[in-house]
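A closer look at the structure
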Amino acid sequence: MDLNSIKTVWLRVRWQTERLGPAGKLGFGLLVFSAVFFLVAVLPRQEESKVLMAEAEVLEARIRMEPSTESGRPRRRLQGDQALPAFYAFFPKLDSSPFWIGELVRIAGERGVEISGTEYRMVREKDLKLARYEMMVPVRGNYSQLRGFIADALHAVPAMALVDVAIRREGVHAELLEANIKFNLYLGEGKH
């Protein structure tokens, strides 16, 4: 191609671009950006996604074939009327709440978090076999201590859920935070 043909092509491209107007230019720019994004970001990840899906299938097959660690027998799926009693059996008994509160206090001590009083409230819904023990725990510590306390508490008490966290700092340079953490501990009312 010589210099004149390049200039001619350039002039035609400019003329077509001017015909588009502002909205057309924006649309054309978005179309070019989308094509480049697809080529640069999406296509390379598709192969990675296929590899991960294959690994997940292999792991699922291995889990189905391996015996469970507790009993040495192969895992089995619960059917219909077996699933609900097994679900309720997971939850601790209603009278075990002092133990779980003690666990929270122990974890706070390990993490260096100061608990300043707590509020408890038992909520029993009609026609449900679970009771909800609502706990409002005002605590004080630095950010990493509070985060570690929440993580350790949820790990140690699997029947507990984090409902709300409200954090307050006295000033910009204050290292200690005050937080109101609300947990719900779910307890089984039936006999296990």
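Predicted model only: the values in this text are computed from it and were never measured. (Residues numbered from 1 in each chain as written. Predicted model: local features only at pLDDT ≥ 70, side-chain atom pairs only at ≥ 80, totals over all residues. Heavy atoms only, no water.)

A cluster of nonpolar side chains, namely L20, F28, L31, V32, V36, F38, L39, V40 and L43, defines an oily patch on the protein surface of about 860 Å² accessible area. One can find V40 in helix α1 (residues 3-65). Classification of V40 by relative accessible area gives exposed; the value is 61%. (Patch = residues over 30% accessible without salt bridge, like charges linked within 9 Å, V, L, I, M, F, W, Y side chains within 5 Å. Areas by Shrake-Rupley, 256 points an atom, 1.4 Å probe, with all protein chains shown as cover. Salt bridge = Lys/Arg side-chain N within 4 Å of Asp/Glu carboxyl O. Helix = DSSP H or I, 4+ residues; strand = E, 2+ residues; numbered from the N terminus. Buried < 20%, exposed > 50% of the residue type's maximum accessible area, 1.4 Å probe, protein only.)

What characterises a pair of aromatic rings is the spacing of the ring centres plus the angle enclosed by the ring planes. Under the defined criterion, the tally for this structure stands at 7 aromatic pairs. When the ring of Y120 is compared with that of Y133, the centres are 5.7 Å apart and the planes differ by 15°; the resulting orientation is stacked. Residue Y120 is located in strand β2 (residues 119-124), and its partner Y133 is located in strand β3 (residues 130-141); the two are separated by 13 residues in the primary sequence. The buried category is assigned to Y133, whose relative accessible area is 13%. (Phe/Tyr/Trp six-rings, centres within 6.5 Å; stacked < 30°, edge-to-face > 60°.)

The next subject is the pattern of salt bridges. Overall, the coordinates contain 10 salt bridges when judged by the stated rule. With its nearest N and O atoms 3.8 Å apart, the salt bridge here joins K25 to E18. Between E125 and R132 there is a salt bridge, with the nearest N and O atoms lying 3.9 Å from each other. Bridged by salt links that share partners, the residues R121, E125, R132 and E134 form one connected network.

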